[in-house]
Structure formats: C-alpha cells, structure tokens
Amino acid sequence: MDYGGCEYLVPCGKGKYISKNELLLHLKTYNIYYEGQNLQLRHREEEGELIVEGLLNISWGLRRPIRLQMQDDNQRIRPPPSSSSWHSGCNLGAHGSVLKPSTLPDIQVTDAEAMPNAEAPGSGAGEPGSDPPEETPQLMRTRSDVGVRRRGSARTPSEQRRIRRHRFSINGHFYNHKTSVFTPAYGSVTNVRINSTMTTPQVLKLLLNKFKIENSAEEFALYIVHTSGEKQKLRASDYPLIARILQGPCEQVSKVFLMEKDQVEEVTYDVAQYIKFEMPVLRSFIQKLEEEEDREVKKLMRKYSILRLMIEQRLEEISEGPTAM
C-alpha cells in the first residue's frame, strides 16, 4: 500500500482534525500489527477525501438484557401445523415450506447453567493470531417463536425446573426464546464493517441492525476503555474507526465497548491512574493532599491578614488628615 500523499487535514470529530500523513502512519502501524488477518484496513480517495474502511471489533459491555425482533423484517414465519412437527432445527420459507438443512445457521443451543464459563467465539478477535470471520455475526441469533424440544429419558426435577425457565445459552450468550430477551456475555467481541466517514450513531445503528435488536440506538453509546480503567465516550460527531486507528491496534491496551448511556460514567486519565491502587495507598494520598491544602489555606490567611491591616492603617491616615488641617 502507498502511505504517502499530499498534506491536508482529515476530520476525526467536531473541531478535531489530524493530518493525512499522520493518519496514514497510524494506519500503516495498524495494518502491520494485523498482517495476514482480515482486520487489516484499506484506504482510498474519493473526490480528494481519504476514506478508510474495514472491520471494527466491538466488545459487548451491556448490564441489562436487550430485545431481539420476534421475526425478521422481510420474512414472516407461519406457525407450525402441530407442535409435534416443530423443533429447533426446523425453518419455514416464505410459503411455509421447510428449507433444506444446508440453509440453516449452525446454532448450538445448550442449557445456560450447564456452561457457566462459556465464552462467545471471537472473544479474542482483537488479539494477534486470531482471525474473526468477516461479516459473520459472532453472536448467533434464533427466532423467538422457535421452540427448543429436547429428547431423552426421564428428567430429574432440577432438569425440569431448568427447562421450564426457557433460558438457554447460544454460544455462551443467554437468550430467552419465549420473551426474545438476549444477554450478550460481557466482554465478548463482535465486529462490523464500517468506514471512516461513519459517525458514532451510524455505527450504533449498523450494529443493532446486524443482530435485529429492537432497542433504540439512543440507549447506547460507544466507549474506548483502557486497561488502566480510563473510559472515554465517543461523541455523536466522532468517527469510531479513526478513533480506533489513533488508539492503536492492540486490544490488550484499549477496546471499543458498547454500553448503556445511563450505566457508565467517563473516567479521565487523571482519575484512572489511581483506580488500581490499594486503599491504604489512596488514604495516604488523601492525607498528603489535606496537609497541602491546610498549608495553602494558612498562607492565604496570613497574606490577607497583612493586606487587611495595611488597608485599615491607610483608612485611619485618610480620616485623620482633614482634622489636622
């Protein structure tokens, strides 16, 4: 790739710009890090504008369940003729015909409690050596009106209670097929194909549409989360792909997270550097700050006491002047 070019400014947010050459240097480092993987980014110029495009890894950091659509927008699913002929491996076409098994997504459904430490495939998609599938959702979906029928011998009471809850795990992500409620595993990774001209709201809508999520994009925000604990919210005018390039490619240093707006507060670097200290160390910091504050207060009090005395003396001199004449 040619990383040279003329010098001009590339917008990376409201009132924020970076030179084209500097951005291309960051991009070169980014692509060297992901050499041989489909996380490498491409760039081109259209009408004199530099455009970078490729996959952006986004980690799920939601604390509350999200809602999936009951059915796809462009396809209606008719109810089965009888419950005995319907199971999780069936799928109906537009006219009620059963599709061939080769067209079905490979979705593994297991009990949620049977795999407490399950992780979604691709949870390490941002690390060197991993190669996430391009344009393939790593959080598998299933239609909410598709029941899961399990065959086998007599079940124990605990198994029956577990089945009655209708709560299952799809590749490590909890999904309730009765209520269409979905809980992505915290820290698991998915990716979306975007370009450098897409703003934060556009990327959010693209991600939600990818998984047919009913929640409004206004409920969520993208954050850059550092291992130090620093959390930086991407503004509506920011370009997430450019922000990712400028942060560097290593996701062991920083990651892009999808989180709820009302659940997360930004943490500045000045605050983040103290987060991982033990409580005794933090108390000693507070004690030293209080001692320094007391010294500054005493200095100010002495200074203004002297100024007040000088002003009072001058007022007395002025008041005695006319009497002496």
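In the block above lies the structure referred to throughout.
This is a predicted model, so every value here is computed, not measured.

Parameters at a glance
Residues numbered from 1 in each chain as written. Predicted model: local features only at pLDDT ≥ 70, side-chain atom pairs only at ≥ 80, totals over all residues. Heavy atoms only, no water. Helix = DSSP H or I, 4+ residues; strand = E, 2+ residues; numbered from the N terminus. Buried < 20%, exposed > 50% of the residue type's maximum accessible area, 1.4 Å probe, protein only. Areas by Shrake-Rupley, 256 points an atom, 1.4 Å probe, with all protein chains shown as cover. Core = buried A, V, L, I, M, F, W, Y, C linked by side-chain atoms within 4.5 Å. Contact = heavy atoms within 4.5 Å. Patch = residues over 30% accessible without salt bridge, like charges linked within 9 Å, V, L, I, M, F, W, Y side chains within 5 Å. Salt bridge = Lys/Arg side-chain N within 4 Å of Asp/Glu carboxyl O. Lys, Arg positive; Asp, Glu negative; His and termini not counted. Charge placed at Lys NZ, Arg CZ, Asp CG, Glu CD. Pairing = 2+ DSSP bridges. Phe/Tyr/Trp six-rings, centres within 6.5 Å; stacked < 30°, edge-to-face > 60°. Axes fitted to C-alpha atoms, helices over the stretch in contact; angles between N-to-C directions. Parallel < 35°, antiparallel > 145°, perpendicular 65-115°, else oblique. Nonpolar A, V, L, I, M, F, W, Y, C, P; charged D, E, K, R; others polar.

### Notes on the overall build of the chain
- In terms of helices and strands, the chain carries six helices and 13 strands.
- In the chain, which comprises 325 residues, the proportion classed as buried is 35%.
- Only carbon and sulfur atoms are counted for the fraction: they give 53% of the accessible area of the chain, which is about 20100 Å².

### Re the nonpolar core
- Formed by 41 residues in total, the largest nonpolar core has its most connected members in Ile58, Leu222 and Leu258.
- Within the residue set of this core, elements represented by two or more residues are β1 (9-13), α1 (20-33), β4 (49-60), β10 (189-195), α3 (200-210), β11 (220-226), α4 (240-247) and β13 (254-260).
- Not counting chain neighbours up to four residues away, the residues in contact with Ile58 comprise Ser188, Val189, Thr190, Val192, Val203, Leu207, Leu222, Val256, Phe257 and Leu258.
- Ranked by size, the runner-up nonpolar core spans six residues in total, among them Val225, Phe257, Met259 and Val264.

### With respect to the environment of Cys250
- Here Cys250 lies in the loop between α4 and β13.
- The residues contacting Cys250, other than those within four sequence positions of it, are Tyr33 and Arg244.

### Describing a negative patch on the surface
- On the surface, a cluster of negative charge is made up of Glu290, Glu291, Glu293 and Asp294.
- Looking at the secondary structure, you find Glu290 in helix α6 (residues 279-324).

### What to know about the pairing of β1
- Looking at chain direction, β1 and strand β2 (residues 16-19) are connected through four bridges and run antiparallel. Directly across from Pro11, in β2, lies its bridge partner Tyr17.
- In this structure, the hairpin formed by β1 and β2 is closed by a connection of two residues, where Gly15 is found at a positive phi of approximately 75°.

### Details of the packing of aromatic side chains
- Evaluated as defined, the whole model comprises four aromatic pairs.
- Here Tyr30 and Tyr34 contribute two aromatic rings whose centre-to-centre distance is 5.2 Å and whose plane-to-plane angle is 55°, an arrangement assigned as tilted.
- Given a relative accessible area of 3%, Tyr30 falls into the buried group.
- Between Tyr33 and Tyr34 the ring centres are 5.0 Å apart and the planes differ by 85°, which places this aromatic pair in the edge-to-face class.
- Classification of Tyr34 as buried rests on a relative accessible area of 1%.

### Points about the packing of α1 against α4
- In the contact formed by α1 and α4, the axes pass within 8 Å of each other and the chain directions differ by 75°. Between α1 and α4, the interaxial angle falls into the category roughly perpendicular. On α4, the residues that touch Leu23, His26, Leu27 and Tyr30 of α1 are Ile242, Arg244, Ile245 and Leu246.
- Counted by class, the contact of α1 with α4 contains six nonpolar, one polar and one charged residues.

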